[in-house]
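The residues making up each chain are set out below.
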Amino acid sequence: MQSTESSFENIRKDFPILKRTVRDNKPLVYLDNASTTQKPNQVIDAITDYYQNHNANIHRAVYALAEESTEAYETARDKIANFVNVKNRQEIIFVRGTTEAINLVAYAWGRSHVNEGDIIVTTEYEHHSNIVPWQLLTQEKRAKLEYIGMDDNGELNLDDLDKYLATGKVKLVTFSLMSNVLGTITDAKKIIEKCKAAGVLTLIDGAQAVPHMKVDLDTLGCDFFAFSGHKMLAPTGVGILWVRKSVLQTMNPFHGGGDMIREVHKYETTWNELPYKFEAGTPNIADVIGFGAAIDYLTKIGMDNVRQHEIELTTYALEKFAKIPGLQIYGTKDIAKRGGVISFNFADVHPHDVADIIDKEGISLRSGHHCAQVLMERLNVAATSRASFYIYNTKEDVDALIDSLNIVAKVFKL
Ligand SMILES: *Cc1c(COP(=O)(O)O)cnc(C)c1O
């Protein structure tokens with residue numbers, strides 16, 4: 001596929017939902033992609049095909065359907081490994097999403113590696129999924145949770161990291177590769193370098209990064225990496241935890257049950273090989289296969305083209321936003337350092353009032369704290385409005401948003 005904007009126009013045909021209208025026949029303008037993305041026919045068809053033609057439980061039986069299901073499930077694992085450049089498929093664990101992935105690490109790694117007085121470091125712009133599991137762990141272990149602060153441009157103050165690392169007590173540094181509120185792309189290389197020099201493990205929340213840019217886990221150098229399928233065209237309920245094998249081998253199981261065992265006796269159990277030791281119970285087979293179809297779809301477009309498309313849309317939107325009276329944008333204006341997420345507020349207008357007006361125009365826009373209340377406190381706001389783009393969004397979508405924002409400005413006499 002070519003990288004021209006016209007080929008991105010063709011993409012819209014693959015998404016049946018984009019044909020529908022909302023609120024008095026307004027065309028749907030979907031701008032809440034940081035929350036979840038829409039699904040192309042290729043993904044919907046893969047799920048339907050699985051249930052219509054192949055459905056059976058995996059890994060257990062030798063009959064034809066079971067073999068086909070197992071093969072399709074494991075092929076999806078290989079596609080995903082390949083997509084983020086993971087060489088060893090044993091390091092790819094299927095989970096429900098980023099939230100479960102991080103909880104798995106906090107439980108199965110954290111409980112046996114973090115002790116009283118140890119420090120876990122996170123950042124001020126994390127999603128609640130990358131804060132609350134660490135609060136639970138550090139409270140249980142009487143360890144400490146510390147935050148890397150953020151400057152007014154939405155970039156991390158890495159001096160804070162140096163300060164914590166100097167204590168010699170840090171066990172893990174965790175951060176989002178791209179903020180779901182500000183769009184800031186974190187300087188992962190620099191953080192990982194510092195942590196490696198200090199012998200400290202790193203966990204990356206890749207929920208916003210993997211859908212929007214090329215991510216290469218073979219060269220990134222972190223130890224844990226989490227992302228969700230549903231923010232990159234795949235169904236809800238499937239995601240990935242990647243763990244470097246040498247670290248994975250030091251971890252206890254998360255859930256106990258079927259499939260994660262080798263042998264179970266009355267009082268002791270031996271574990272299955274990796275990655276199955278961490279995949280207890282019947283997994284979300286159909287949706288994993290749908291995830292594989294989403295990977296095929298994105299691979300065909302090319303992640304560099306996805307990023308380029310979003311740079312174009314975001315640049316266009318930021319220029320237009322700057323002309324709307326009373327509108328304040330959060331985060332850096334440097335397009336190289338941000339993804340296609342724009343958070344903003346109108347002077348004194350509550351973001352929910354903004355969302356109400358915009359909704360009447362058929363535009364799906366998110367208003368709220370975006371699961372990032374620590375960041376809201378840092379910005380000294382209760383909430384923001386947020387527009388977030390994906391491959392099927394167009395300049396016309398941005399224009400529709402701009403028109404509706406001008407209505408807000410007019411209604412509130414800004
Ligand atoms: C959406 C999101 C999560 C949570 O993902 P789930 O799929 O809800 O588990 C975590 N971190 C970031 C940065 C996100 O955008």
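Reading the values: rules and limits
Residues numbered from 1 in each chain as written. Predicted model: local features only at pLDDT ≥ 70, side-chain atom pairs only at ≥ 80, totals over all residues. Heavy atoms only, no water. Near = heavy atom within 4 Å. Polar contact = N/O pair within 3.5 Å; in protein donor to acceptor, adjacent residues only side chain to side chain. Areas by Shrake-Rupley, 256 points an atom, 1.4 Å probe, with all protein chains shown as cover. 1 Å grid on protein atoms, 1.4 Å probe; cavity = no way out; pocket = protein on both sides within 12 Å on 5 of 7 lines; lining within 4 Å. Sits in = over half its atoms within 2 Å of the grid points. UniProt positions renumbered as here; feature names shortened; annotations may be inferred. Helix = DSSP H or I, 4+ residues; strand = E, 2+ residues; numbered from the N terminus. Buried < 20%, exposed > 50% of the residue type's maximum accessible area, 1.4 Å probe, protein only. Pairing = 2+ DSSP bridges. Right-handed = clockwise from strand over helix to strand, strands pointing away. Points joined across faces, edges and corners; volume = space filled by probe spheres on them. Domains from an automatic or database assignment. Contact = heavy atoms within 4.5 Å. Buried area = accessible area lost by both parts, 1.4 Å probe. Salt bridge = Lys/Arg side-chain N within 4 Å of Asp/Glu carboxyl O. Nonpolar A, V, L, I, M, F, W, Y, C, P; charged D, E, K, R; others polar. Arc of directions from axis to C-beta. Axes fitted to C-alpha atoms, helices over the stretch in contact; angles between N-to-C directions. pLDDT = per-residue confidence, 0-100. Expected span 1.5 Å × (residues − 1).

1. A few points about the site of the ligand
Moving on, step 1. In the vicinity of the ligand, the residues found are Gly97, Thr98, Thr99, His127, Ser129, Asn180, Asp205, Ala207, Gln208, Ser228, His230 and Lys231.
Moving on, step 2. At 2.5 Å from a nitrogen atom of the ligand is found a side-chain nitrogen or oxygen belonging to Asp205.
Moving on, step 3. Within the side chain of His230, one N or O atom sits 2.7 Å away from an oxygen atom of the ligand.
Moving on, step 4. Here the ligand, which alone exposes 380 Å², has 87% of that area covered by the protein.
Moving on, step 5. According to the grid-proximity analysis, the pocket containing the ligand is the largest pocket.

2. Considering the UniProt feature "domain: Aminotransferase class V" (unreviewed entry) in the protein
Moving on, step 1. In the numbering used here, UniProt assigns the feature "domain: Aminotransferase class V" (unreviewed entry) to residues 29–401.
Moving on, step 2. The span residues 29–401 is 39% helical and 17% strand by assignment, and the distance between its end C-alpha atoms comes to 8 Å.

3. Some details on the pairing of strand 8 (residues 201–205)
Moving on, step 1. The buried fraction of strand 8 is high, at 4 of 5 residues.
Moving on, step 2. Sheet analysis places strand 7 (residues 170–176) next to strand 8, joined by 5 bridges and oriented parallel. For Leu172, the partnering residue across the bridge sits in strand 8 and is Leu201.
Moving on, step 3. For the segment spanning strand 7, helix 7 (residues 188–197) and strand 8, crossover handedness is right-handed.
Moving on, step 4. Pairing between strand 8 and strand 9 (residues 224–228): 3 bridges, direction parallel.

4. With respect to the layout of surface pockets
Rolling a probe over the atoms, with the probe sized like a water molecule, indicates the empty space that remains.
Moving on, step 1. Empty space within the largest pocket amounts to approximately 330 Å³.
Moving on, step 2. The wall of the largest pocket is formed by 26 residues, among which Thr99, His127, Ser129, His230 and Lys231 lie closest to the centre.
Moving on, step 3. Considering each element in turn, the lining of the largest pocket owes the most residues, 3 residues, to helix 4 (residues 98–113).
Moving on, step 4. Counting the residues that make up the lining of the largest pocket, at least three belong to each of domain 1 (5–30 + 302–411) and domain 2 (45–299).
Moving on, step 5. For the second largest pocket, the calculated volume is near 260 Å³.

5. Section: the domain arrangement of the protein
Moving on, step 1. You can read the domains of the protein as domain 1 (5–30 + 302–411) and domain 2 (45–299).
Moving on, step 2. For domain 1 versus domain 2, the separation of C-alpha centres amounts to 28 Å.
Moving on, step 3. On the domain 2 side, the residues contacting the 35 residues of domain 1 number 32 residues.
Moving on, step 4. Of the roughly 2,700 Å² buried between domain 1 and domain 2 on both sides combined, carbon and sulfur atoms contribute 58%.
Moving on, step 5. For the pair domain 1 and domain 2, the interface holds 4 salt bridges.
Moving on, step 6. The residue Glu124 makes a salt bridge to Arg378 at a minimum N-O spacing of 3.4 Å.
Moving on, step 7. Our count for the domain 1 to domain 2 interface comes out at 21 residue pairs in polar contact (both at pLDDT 80 or more).
Moving on, step 8. When residues of the side of domain 1 that touches domain 2 are traced back to their parent elements, those giving at least two are helix 11 (303–321), strand 14 (341–346), helix 13 (373–379) and strand 17 (384–388).
Moving on, step 9. When residues of the side of domain 1 that touches domain 2 are assigned to their parent elements, the largest contribution, 6 residues, is made by helix 13.
Moving on, step 10. Among the residues making up the side of domain 1 that touches domain 2, the classes are represented as 17 nonpolar, 10 polar and 8 charged.

6. Some remarks on helix 12 (residues 351–360)
Moving on, step 1. For helix 12, the set of buried residues is Pro351, Val354, Ala355, Ile357 and Ile358. Viewed end-on, helix 12 has its buried residues packed into an arc of 165 degrees, placing them on one side of the element.
Moving on, step 2. Buried residues along helix 12 sit in contact with strand 14, strand 15 (363–364), strand 16 (366–368), strand 17 and helix 14 (395–411).
Moving on, step 3. Two residues or fewer after helix 12 comes Gly362, characterised by a positive phi angle close to 85 degrees.

7. Observations concerning the sheet that holds strand 14
Moving on, step 1. Read across the open sheet, the 4 strands follow the order 13-14-17-16; overall the sheet is antiparallel. Every interior strand has two partners, whereas the edge strands, strand 13 (327–329) and strand 16, have only one. Strand-to-strand, the axes of this sheet are offset by a mean angle of 30 degrees, without reference to chain direction.
Moving on, step 2. Where strand 13 lies against strand 14, 3 bridges are found, and the strand directions are antiparallel. Bridging across to strand 14, Gln328 finds its partner in Asn345.
Moving on, step 3. Contacting strand 13 and strand 14, helix 11 runs over the sheet at an angle of about 10 degrees to strand 14.
Moving on, step 4. Sheet contacts for helix 12: strand 14, strand 16 and strand 17; angle to strand 16, the most-contacted strand, approximately 160 degrees.

8. What to know about the confidence of the model for the protein
Moving on, step 1. In the predicted model, the protein carries a mean pLDDT of 96, and the fraction of residues at 70 or more is 99%.
Moving on, step 2. When mean pLDDT is taken per element in the protein, strand 9 scores highest with 99 and helix 1 (residues 5–11) scores lowest with 79.

9. Regarding helix 3 (residues 64–83)
Moving on, step 1. With 20 residues, helix 3 ought to run about 28 Å at 1.5 Å a step, and its terminal C-alpha atoms sit 29 Å apart, in line with that.
Moving on, step 2. Turning to helix 3, its buried residues number three or more, namely Ala66, Ser69, Thr70, Tyr73, Glu74, Ala76, Arg77, Ile80, Ala81 and Phe83.
Moving on, step 3. Looking at the packing, one finds that the buried side of helix 3 touches helix 2 (41–54), strand 4 (92–95), strand 9, strand 10 (239–243), helix 10 (285–301) and helix 11.
Moving on, step 4. Trailing helix 3 by a residue or two, Asn85 shows a phi angle of about 55 degrees, which is positive.

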